[in-house]
Amino acid sequence: MNKSKKHLSNRVFVYAVLWVVSYGGSLLALKNLTLEKEVGIVLSMIPVLTFAVFIYKFYRGIFIMDEVQIKIQMEAVVIAFTFGLLMLMTLGLLDLVLALNKEDWGYRHLVPYFVIFYIIGLLISKRKYNFDHEKHD
Amino acid sequence: MKNTIKVERAKKNWTQADLADKIGVSRQAINSIETGKFIPSTALALKMARVFGTPVEIIFQLEKSD
């Protein structure tokens, strides 16, 4: 990996961390602090902005990936999307029968699952293409 | 599809990283292609042929099952 690719890859990672931290921070603040409605709305929008920047950087990063890396990313997103859809469908149907507790299964609780599904997709796809294999004689 | 990338690399005494640098892809991508896990695009196959100085059909060959 040349320097510019590594640099961009690091920046994408930094923006991903920034999004996770801002989301977690907003979540904690909104849950634990008594805030005015306007302040709460502003706080809710901060992770939206950091996520938008992260996705933009990720999208830009795709243009400098090689074709194997692009295919791995595509497959990871497809796997995450499929698992996510499956989870939403299952929870939606179960909610009709069991009336799921929103404190356990609210929208905010579903976000980490999508990240986990993406990471699972990435691992499956990398393994499929032997991408992390160390042998390079 | 089978390929002779490893043989061609050995002739030139190149590592996977050397080949990756020459054609502008990651070392891991070369590994995926070399082990037959990923079939490269025509452009990438032609780039490999160019750096090896070998016709592309020598590097990549269809198998009976393809």
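Bear in mind that the values here come from a model prediction, so they are computed numbers and not experimental data.

Chemist: Honestly, the overall build of chain A in this entry has me stumped. Any pointers?
Modeler: For chain A, the helix and strand inventory stands at five helices and zero strands. What you see in chain A, going N to C, is helices and strands ordered as α-α-α-α-α. In terms of principal-axis extent, the alpha carbons of chain A reach across some 60 × 35 × 20 Å. Considering chain A as a whole, with its 137 residues, one finds that 13% of them fall into the buried category. Taking contacts inside chain A between residues at least 6 apart in sequence as the whole, the part at least 24 apart equals 76%.

Chemist: Just checking my understanding: could you explain the nonpolar core for this structure?
Modeler: As a rule of thumb, soluble globular proteins bury nonpolar side chains together. Within the largest apolar cluster, 18 residues are counted, with the highest numbers of intra-cluster contacts made by V68, I72 and Y129 of chain A together with A20, A29, I30 and I33 of chain B. For this core, the elements supplying multiple residues, two or more each, are α3 (67-98) of chain A together with α2 (16-23), α3 (27-34) and α4 (42-52) of chain B. Ranked by the residues each element gives to this core, the list is headed by α3 of chain A, at four residues. Leave out the neighbours within four places in its chain, and V68 of chain A touches Y129 and F131 of chain A together with Q28, A29, S32 and F38 of chain B.

Chemist: What am I meant to see in the domain arrangement of chain A here?
Modeler: You'll often see interface size given as the accessible area lost when the parts meet. Residue and element names in this part refer to chain A. Domain boundaries assigned for chain A yield domain 1 (1-64) and domain 2 (65-132). Spacing between the C-alpha centres of domain 1 and domain 2 amounts to 19 Å. Contact residues are listed per partner, giving four residues for domain 1 and four residues for domain 2. Its residues placed into classes, the side of domain 1 that touches domain 2 shows three nonpolar, one polar and no charged.

Cut-off values and rules
Here the residue index of a chain counts from 1 through its sequence in written order. Here the convention is simple: chains get letters from A, ligands get numbers from 1, in the order in which they are written. Local features are withheld for residues below a pLDDT of 70 in this predicted model, meaning they are given only at 70 or higher, and side-chain atom pairs are given and counted only at 80 or more; totals for whole chains, interfaces and linings count all residues. Put simply, DSSP H or I for four residues or longer makes a helix, DSSP E for two residues or longer makes a strand, and each gets a number counted from the N terminus. Three exposure classes are used, all based on how many other C-beta atoms lie within 10 Å of a residue's own C-beta (placed from the backbone): buried at 20 or more, exposed at 12 or fewer, and partly exposed between those limits. Any residue pair is listed as a contact if its two C-beta atoms, each placed from the backbone, are within 7 Å. Note on terminology: a nonpolar core is a set of buried residues of type Ala, Val, Leu, Ile, Met, Phe, Trp, Tyr or Cys, with members joined through C-beta atoms within 7 Å. Either an automatic procedure or a domain database provided the assignment from which the domain bounds are taken. Under this grouping Gly is polar, as are all residues other than the nonpolar Ala, Val, Leu, Ile, Met, Phe, Trp, Tyr, Cys and Pro and the charged Asp, Glu, Lys and Arg.

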